[in-house]
Amino acid sequence: MRIPGVGLARGLALTMRQLTRRSVTAHYPDALPELPPRSRGVIALIEENCTSCMLCARECPAWCIYIDSHKDVIPATTEGGKDKTRNVLDRFAIDFSICMYCSICIEVCPFDALHWSSEFEYAELDIRELTHEKDRLREWMWTVPAPVALDPNAEPAKEIGVAQKAAEKAAEKAAERPAPEDRP
Amino acid sequence: MSEALELALRLAGVLAAFLVVPLLVGQVEHKAMAHMQGRVGPMYAGAFHGWAQLIADGVKFVQKEDVVPAAADRMVFKIAPAVALVPYLVAMLVIPLGPGLVGQDLDIGLFFVIAVMGAGVIGSLMGGWSSANKFSLLGGIRVAAQLMAYELPFVLAAASVAMAAGTLSLTGIVLEWSPWWLLWQGIAMFVFFVSGLAEVQRPPFDMPIADAEIVFGPYTEYGGLRFALFILAEYAGIVVLSALTAVLFLGGWRGPFDDQLGWLWTLLKTMAVAFVVIWVRVAYPRLREDQLQRFAWQVLVPLALLQLAITAAGVVMTA
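Below: a short report on this structure. From a predicted model like this one, the values you see are computed outputs, not experimental measurements. (Residues numbered from 1 in each chain as written. Chains lettered and ligands numbered in written order. Predicted model: local features only at pLDDT ≥ 70, side-chain atom pairs only at ≥ 80, totals over all residues.)

Topic: the overall build of chain B
Each helix and strand counted, chain B has 12 helices and zero strands in total. Sequence-ordered secondary structure for chain B, helices as α and strands as β, is α-α-α-α-α-α-α-α-α-α-α-α. At 20 Å, chain B has a C-alpha radius of gyration in line with the 20 Å of a compact globule built from 319 residues. Considered along the principal axes of its C-alpha atoms, chain B spans approximately 60 × 50 × 45 Å. Across the 319 residues of chain B, 49% fall into the buried class. The contacts in chain B between residues at least 6 apart in sequence include a share of 77% that link residues at least 24 apart. (Helix = DSSP H or I, 4+ residues; strand = E, 2+ residues; numbered from the N terminus. Rg over C-alpha atoms; globule rule 2.2 N^0.38 Å. Buried ≥ 20, exposed ≤ 12 C-beta atoms within 10 Å, placed from the backbone. Contact = placed C-beta atoms within 7 Å.)

Now the structure itself:
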């Protein structure tokens, strides 16, 4: 038979037990949270990698990336050669008041110009301040954490294989070629 | 002259207790409730574990705008918080802290306190009725219904103690008290405490406020200082209820070294009961309005009547 009031007593016991335990609250402003390396805090930009291809701006579901660029003409180096053109980035801005942190711009960038940083303390008193221009986005780059280490038995990254092959080839060539001072 | 001075001192003491102890209970509630829920509660105000949080809250409330709804009954709306608060101040006047340590020792202290506590509820009712808001009105009606239902077991339980002690004076009851009353008057203590909780509208009996159902009941339209007064009334109510429970059922200042430390015993017992009030709030969800009524009439009133019979038998046997 169930004794009436057992549930009530159990409720009291539970809350009392919780009172004697240490609370598990994260003391946020005093102690920063330990965020996983791929947390989506703020988007950082390596301006040098950007070719103003506009892929990120076009794929952005919230239309929060603004890009202005112009073409620079590089005159031909040889006589009668063709002039080259190059994209120069004038403005790159992300409006974080619109951004929904979907990460599509970062996935879509072919030149790895955009990265996630786990910094998240960039609240502003004025909503217009939340539009980060390219110099501010560049500054965030310093806070981007290193990529997560691979699993112990994982295949090495493709880039490493390519770089290794190139290095080996260069070494071979150097061995074949005689040293510069021996040349007549 | 010295008599006037003594009276002034007593009144000042009661006023100080009235201003300090409810804040103390409020702070204990902040911290104890937080830790019972695995949180830490206020940590910043006053630099050490948020001890000044309620003072900061008070300053905030004072700064706020005093709004009276256009359709409200202005006069009633404005005096309602005072009507809710003052009775508890008056009640504190007659609750003894130690032998002779009382604002005013009345021969009918128990009767007086219970009458005055009933009046405190009128403030909520006035607030609910005058706000011209349907949620306030619902809350006000719930207050009235709750008062009707719980005043009866409250008074019956108190009457049981008065019968056992043979006096209505609170000081006299403490002097008559002896430890085995804990057993003899146990049911009365339970009934008194529970119906007292309902009377000061504390969870799990806070249906008049029930923020998930009717916004904030009678206090919906209140803001700023008037709202703060209502909240202060709630905590003063806890203090009065706890002190009454301590004095009537737990022997007031009786305890080891009670000739010197009597007042400390009363305060300790009061704070212990206040802690239970907070504890119960954390542990239990709010009852439904019909459950509240059924609990009062089908459980508490019969229990109180049973206790009266037990007390009567005890009094006759020991007489």
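Some details on helix α5 (residues 158-176) of chain A
Compared with the 27 Å implied by 1.5 Å per residue over 19 residues, the 28 Å span of α5 of chain A between its first and last C-alpha is a close match. The buried fraction of α5 of chain A amounts to zero of the 19 residues, a small share that puts the element mostly on the outside. (Expected span 1.5 Å × (residues − 1).)

Section: the interface of chain A and chain B
Listed by partner, the interface residues are eight residues for chain A and 10 residues for chain B. Residue composition of the side of chain A that touches chain B, grouped by class: three nonpolar, five polar and no charged. (Nonpolar A, V, L, I, M, F, W, Y, C, P; charged D, E, K, R; others polar.)

A few points about the pairing of strand β3 (residues 84-95) of chain A
Sheet faces and side chains relate simply in a regular strand, where the side chains alternate between the two faces. Residue and element names in this part refer to chain A. As judged from the 10 bridges shared by strand β2 (residues 65-74) and β3, these two strands associate in the antiparallel manner. What sits directly across from serine 69, in β3, is leucine 89. With two bridges joining them, β3 and strand β5 (residues 131-132) adopt antiparallel strand pairing. By the bridge assignment, aspartate 95 is partnered in β5 with threonine 131. (Pairing = 2+ DSSP bridges.)

Topic: the packing of helix α1 (residues 6-20) of chain A against helix α1 (residues 2-36) of chain B
Helix-helix packing is described using two parameters, namely the angle between the two axes and the distance between the axes. Remark: α1 of chain A packs on α1 of chain B, axes separated minimally by 7 Å, with the N-to-C direction vectors making an angle of 100°. Taken as axis vectors, α1 of chain A and α1 of chain B run roughly perpendicular relative to one another. Between α1 of chain A, through Thr15, Gln18 and Leu19 of chain A, and α1 of chain B, the contact on the second element is made entirely by Ala32, His35 and Met36 of chain B. Taken together, the residues of the contact of α1 of chain A with α1 of chain B break down into three nonpolar, three polar and no charged. (Axes fitted to C-alpha atoms, helices over the stretch in contact; angles between N-to-C directions. Parallel < 35°, antiparallel > 145°, perpendicular 65-115°, else oblique.)

Remarks on the sheet that holds β2 of chain A
Strand order in the open sheet made by the three strands is β2-β3-β5 (chain A), with antiparallel pairing throughout. Strands with a single pairing partner mark the edges of an open sheet, and in this sheet they are β2 and β5 of chain A.

Description of the environment of arginine 10 of chain B
Residues and elements named next belong to chain B. In this structure, arginine 10 sits in helix α1. Of the residues examined, arginine 10 has 15 C-beta atoms within 10 Å and is grouped as partly exposed. A sequence separation of 106 residues divides arginine 10 from valine 116, and the C-alpha atoms of the two residues are 19 Å apart.

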